[in-house]
Amino acid sequence: MANYYTDNKNLRFHLEHPLMEKIVRLKEQNYIDKEKYDYAPLDYEDTIDSYDKVLEIVGEISGDIIGPNAESVDHDGPKIVNNEVVYAPGTQKNLEAIVNAGLFGMSLPREFGGLNFAMVPYVMAAEIVSRSDAGFANIWGLQDCAETIHEFASEEIKREFLPRFAKGATAAMDLTEPDAGSDLQAVQLKATWDEAAKVWRLNGVKRFITNGDAHVSLVLARSEEGTSDARGLSLFVYDRASQAMTVRRIENKLGIKGSPTCELVFNNAPAHLIGDRKMGLIKYVMSLMNSARLGVGAQSVGIAEAAYREAVKYAHEREQFGKAIVNYPAVYEMLTLMKVRTDAIRSLLYETARFVDVYKAYNIIAETRKLDADERNEAKSYQKLADVFTPLLKLFSSEYCNQIAYDSLQIHGGTGFMKDFPIERIYRDARITTIYEGTSQLQVVAAIRGVTSGLLLKVLRDYAGRNVHPEQEPLRRVLISMTDRYEQAVSFIEEFKDGEYTDFHARRLVELAGNIVMGYLLLDDCQRDDSFERTANIFITKVNAENLQHENYIKTFNPKELGEFKAVFEA
Amino acid sequence: MPFRIIVLAKQVPDTRNVGKDAMKADGTVNRAALPAIFNPEDLHALELALRIKDQINDAEIVVVSMGPGRAAEIIREAMYRGADRGVLVTDRKFAGSDTLATSYALSLAVKKLAPFNVLIAGRQAIDGDTAQVGPQTAEKLHIPQITYAEELVDVNSKQITIKRRLERGIEVVRSPLPVAITVHSSAPVCRPRNAILVMKFKHARTTTELQEETKDYTELRLYRPYLNIEEWSVEDIQAETEKLGLSGSPTKVKKIENVVLQRKESKAFTADDKDIDLLMQELMASHVIG
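Residues numbered from 1 in each chain as written. Chains lettered and ligands numbered in written order. Predicted model: local features only at pLDDT ≥ 70, side-chain atom pairs only at ≥ 80, totals over all residues.

S.K.: In this structure, what is going on with the overall build of chain B? I would like to understand it.
M.R.: In terms of helices and strands, chain B carries 8 helices and 11 strands. In terms of overall dimensions, chain B has C-alpha extents of about 80 × 50 × 40 Å along its principal axes. For chain B, buried positions account for 39% of its 290 residues. Taking the intrachain contacts of chain B between residues at least 6 apart in sequence as the baseline, contacts between residues at least 24 apart amount to 71%. (Helix = DSSP H or I, 4+ residues; strand = E, 2+ residues; numbered from the N terminus. Buried ≥ 20, exposed ≤ 12 C-beta atoms within 10 Å, placed from the backbone. Contact = placed C-beta atoms within 7 Å.)

S.K.: Can you help me understand the domain arrangement of chain A in this one?
M.R.: Interface size is commonly expressed as the accessible area that is lost once the parts come together. Residues and elements named next belong to chain A. The assigned domain composition of chain A is domain 1 (9-165 + 282-434), domain 2 (170-278) and domain 3 (440-563). Between the C-alpha centres of domain 1 and domain 3 there is a distance of 26 Å. Taken together, the contact pairs 19 residues of domain 1 with 20 residues of domain 3. Taken together, the residues of the side of domain 1 that touches domain 3 sort by class into 10 nonpolar, 4 polar and 5 charged. (Domains from an automatic or database assignment. Nonpolar A, V, L, I, M, F, W, Y, C, P; charged D, E, K, R; others polar.)

S.K.: Would you explain unusual backbone geometry in this entry?
M.R.: Trans peptide bonds make up most of the peptide bonds, and negative phi angles are found at most residues other than glycine. The residue after B:A114, namely B:P115, is reached through a cis peptide bond having omega 0 degrees. Residue position: B:P115 is located in the loop between α3 (99-112) and β6 (118-122). The peptide bond linking B:L177 to B:P178 adopts the cis configuration, its omega dihedral lying at 0 degrees. As for its placement among the helices and strands, B:P178 is situated in the loop between β9 (169-176) and β10 (179-183). The backbone phi angle of A:N30 is positive, close to 65 degrees, even though this residue is not glycine. Within the secondary structure layout, A:N30 lies in the loop between α2 (20-28) and α3 (44-76). A residue is classified by how many C-beta atoms lie within 10 Å of it, and A:N30, with 8 of them, is exposed.

S.K.: What is the right way to look at the nonpolar core in this model?
M.R.: Most often, soluble globular proteins have nonpolar side chains that are buried together. Core analysis: the biggest nonpolar cluster contains 245 residues, and A:L202, A:F236, B:V7, B:A105 and B:I120 have the highest contact counts within it. Ranked by residue count, the leading element in this core is helix α9 (residues 280-317) of chain A, at 18 residues. (Core = buried A, V, L, I, M, F, W, Y, C linked by C-beta atoms within 7 Å.)

S.K.: Explanation requested: the pairing of strand β7 (residues 145-155) of chain B in the structure shown.
M.R.: Side chains on a regular strand alternate between the two faces of the sheet. All names here are of chain B. Where β7 and β10 come together, 3 bridges link them in parallel fashion. Within β10, the position partnered with I146 by the bridge is I181. Pairing geometry for β7 and strand β8 (residues 159-166), over 5 bridges, is antiparallel. Counted as the bridge partner of V155 is I160 from β8. (Pairing = 2+ DSSP bridges.)

S.K.: Would you take a moment to explain the interface of chain B and chain A for this structure?
M.R.: Of the residues lining the interface, 12 residues belong to chain B; the matching set on chain A comes to 15 residues. Residues of the side of chain B that touches chain A, tallied by class, amount to 6 nonpolar, 1 polar and 5 charged.

S.K.: Quick question: what am I supposed to make of helix α4 (residues 133-141) of chain B here?
M.R.: Every α-helix carries 3.6 residues per turn, so stepping three or four residues along brings you back to the same face. Residues and elements named next belong to chain B. Turning to α4, its buried residues number three or more, namely V133, G134, Q136, T137, A138 and L141. Looking at the packing, one finds that the buried side of α4 touches β1 (3-9), α3, β6, β7 and β10. After α4 finishes, the residue H142 shows a positive phi value of roughly 55 degrees.

S.K.: Whenever I open this one, the environment of A:Y350 confuses me. Can you help?
M.R.: All names here are of chain A. Here Y350 lies in helix α10 (residues 329-368). For the pair Y350 and V123, spaced 227 residues apart in sequence, the C-alpha separation works out to 8.0 Å. If we skip the residues at most four places from it in the chain, Y350 touches H14, H17 and V120.

S.K.: Please explain the sheet that holds strand β4 (residues 59-66) of chain B as it appears in this structure.
M.R.: Backbone hydrogen bonds hold the strands of a sheet together, and the pairing may be parallel or antiparallel. Residues and elements named next belong to chain B. Strand order in the open sheet formed by 9 strands is β9-β8-β7-β10-β6-β1-β4-β5-β11, with mixed pairing between adjacent strands. Taken across any chain shown, the strands that pair with only one partner, and hence form the sheet edges, are β9 and β11 (230-232). Neighbour to neighbour, the strand axes of the sheet diverge by 35 degrees on average, direction disregarded. Here β1 runs beside β4; their pairing, made up of 7 bridges, is parallel. By the bridge assignment for β4, I6 is matched with V62. Across the sheet, helix α2 (residues 72-81) is in contact with β1, β4 and β5 (85-89); its angle to β5 comes to roughly 165 degrees. Relative to β4, α3 is tilted by about 150 degrees, and along the sheet it contacts β1, β4, β5, β6 and β11. (Axes fitted to C-alpha atoms, helices over the stretch in contact; angles between N-to-C directions.)

S.K.: Before we go on, may I ask you to explain the pairing of strand β3 (residues 171-174) of chain A in this structure?
M.R.: All names here are of chain A. The side-chain alternation of β3 yields two buried faces, one formed by A171 and M173 and the other by A172 and D174. Relative to strand β6 (residues 216-222), β3 is paired through 4 bridges, and the arrangement is parallel. In the strand pairing of β6, A172 is matched with S217.

S.K.: Got a minute to help me understand helix α17 (residues 499-528) of chain A in this structure?
M.R.: Compared with an ideal rise of 1.5 Å per residue, which puts 30 residues at 44 Å, α17(A) spans 43 Å between its outermost C-alpha atoms and is within 8% of the ideal. Where α17(A) bends most, at A:H505, the angle is about 50 degrees. (Expected span 1.5 Å × (residues − 1). Bend = angle between axes of the 7 residues up to and from the residue.)

Next up, the structure:
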């Protein structure tokens with residue numbers, strides 16, 4: 001009888017953020033659906049109440065079904081039978097519960113059988129599911145693909161595929177190939193137009209495909225013969241019912257073992273083009289990746305929450321030298337940092353989700369009427385914010401969740417290294433989050449644009465202008481001084497005008513900015529709930545010290561020594 | 001005429017999570033201290049009803065609960081899982097009813113919903129554990145009954161086939177309709193609440209509940225009649241008052257005791273090889289292990 005939504009009051013707290021009123025207003029467009037659908041909300045209050053009640057179902061299924069199944073799913077894993085993927089028995093039970101509860105197609109419009117949920121509650125559901133089983137969260141979370149079809153595909157494809165998602169069709173995004181990982185421009189899988197059958201045909205191999213044997217797959221393929229870069233790639237939708245794709249193998253992984261990672265062979269597989277030719281990677285996959293990165297953010301926060309809770313529980317139960325280990329500073333410092341970091345990445349997660357919500361809602365409105373100038377500007381500025389916050393979120397949440405899982409296992413001591421407690425699985429599951437959907441290193445490449453363009457600095461200056469309670473004024477002053485120092489560090493590096501040198505320090509610069517962003521977000525949380533004051537205080541003190549260390553390294557580093565770095569291992 | 005399935009459900013104190021103030025000084029249950037829940041076996045009953053509905057075109061599920069005003073909560077809970085509408089049988093005159101009086105009242109409520117095809121209830125409620133209300137209601141309605149149901153084997157508009165869970169095995173029985181069925185806890189667990197149904201039915205209220213709400217969405221109720229949970233009083237079901245409540249209940253509780261189980265016999269073994277061998281032999285002889 002566990003409920004992973006109601007047992008965590010911080011979730012409801014983020015659901016009630018003041019910006020939600022705007023998001024819901026845009027998303028529900030004056031509650032027009034209430035005339036047509038008996039489950040559509042009647043007003044703002046009613047919408048939040050619906051979010052709340054549906055999240056309660058997510059919390060209950062996560063706590064009572066998915067969580068308890070996680071150990072057996074990790075052990076059993078999926079199998080290949082006759083070239084098809086068969087999920088672990090526990091996964092099948094999870095899916096049955098989640099489909100019966102109507103939790104597929106959450107963000108799709110009602111006309112396609114969806115719930116028309118905003119990103120914030122959808123992302124929250126992803127966080128809750130991930131806390132119970134991060135591997136299962138992938139199978140469930142790939143419903144993001146429906147969003148891409150909804151945004152970019154033709155009306156005909158939408159009508160054919162979207163209603164299936166709400167009935168529980170699973171999805172996959174087939175991007176990676178043996179020689180195209182981080183560098184997707186190198187994708188080789190071939191798409192050729194079959195004039196006789198009036199369909200595209202896919203031929204080639206995909207690798208590391210999460211849930212590769214899904215009902216519906218989005219496939220990135222080379223449609224333009226003779227090209228070798230991104231401009232030759234288009235996005236296709238493939239239906240498993242055509243049975244022209246086989247699963248060659250399932251990878252044996254370190255973690256998220258319940259989620260099948262497949263190698264696929266497409267053999268003259270019929271497929272439909274999504275949107276326009278040549279826009280596959282440039283536009284559609286970029287959008288798909290952004291929502292996938294938001295998804296990994298949610299997954300990371302869920303894993304962090306799970307790891308933290310296991311640690312707190314164990315530290316209270318375990319006694320050494322005559323008292324529970326939670327009483328030793330070496331242990332409680334770890335626990336405290338786990339908690340404040342989880343709070344910090346959660347605030348970053350929902351801030352990012354809100355930005356995405358506003359601009360996506362405008363995009364949907366723009367399909368039915370022309371936006372006025374103010375609306376266009378607002379949509380644009382929120383999209384820019386979302387673009388710079390998404391890599392920040394992916395970077396910080398995944399790195400923190402690994403740190404938190406590491407510390408949680410450490411608190412368990414030798415017991416944590418054994419298979420007896422959930423933490424060893426959580427620790428293994430955490431590891432992928434800094435790697436897939438773009439490694440941490442690639443998130444830095446994306447986020448550094450926000451540093452060099454000055455957008456992040458502007459964001460930080462805007463945050464500084466928000467109201468705070470007088471007693472929190474000292475915290476704001478710390479953040480303002482951190483921002484000043486960040487500005488100096490950026491211009492210090494820019495003065496050298498050396499690309500490799502900037503790249504070398506890029507991660508440090510992004511971390512300086514990200515730390516301040518999260519500091520401000522926690523300070524903002526204090527304005528609505530006093531209980532965040534302690535968290536904000538501890539977090540800001542800690543990241544201030546971390547930033548000083550980074551700044552010191554940047555200042556004392558001699559650019560001429562860059563060559564020495566390579567020499568060390570090439571010698 | 002739709003195929004009508006009536007589910008009898010009871011709101012009960014959650015005796016599985018008993019705290020220290022669960023019992024009053026006089027030994028009766030302190031209902032205020034225990035969370036009120038959907039009686040677990042009635043949820044199994046609802047799942048059986050839903051499975052019948054899955055197989056029959058044009059079937060509807062009506063949930064009937066007898067209890068105080070707050071029992072409307074479990075009617076909504078049933079709607080969130082697929083029930084179509086609900087009736088709350090509620091009146092102060094029902095207070096103190098034993099199983100005889102309760103089954104009398106329920107049978108009258110069910111008659112008011114006639115014609116019906118299947119009547120389903122949980123085997124027993126966790127607060128009383130009598131397992132009498134379902135069978136007694138069937139008797140008063142003069143319809144056949146299948147108790148301890150575990151699985152729906154087959155159903156059509158004329159008859160139903162059910163697998164029963166008995167103490168030493170299973171039994172498959174077929175009955176003409178209408179029939180009463182009581183469902184055992186070994187039957188499939190109830191499906192989860194469904195997101196769309198939750199949003200559709202969350203404003204369902206009884207008239208009494210509506211009087212206590214500030215925002216009642218009155219207009220909505222006019223064109224969504226399923227949002228009105230009916231409340232039936234003694235007059236509505238045309239019951240004779242003397243057959244209800246304490247006067248209609250021959251069961252008299254003489255005494256309530258807090259029973260503490262004590263060990264009756266015990267054997268002591270020391271931790272040497274000989275005693276452990278003896279213990280092993282004994283456990284094997286009694287088939288506890290081996």
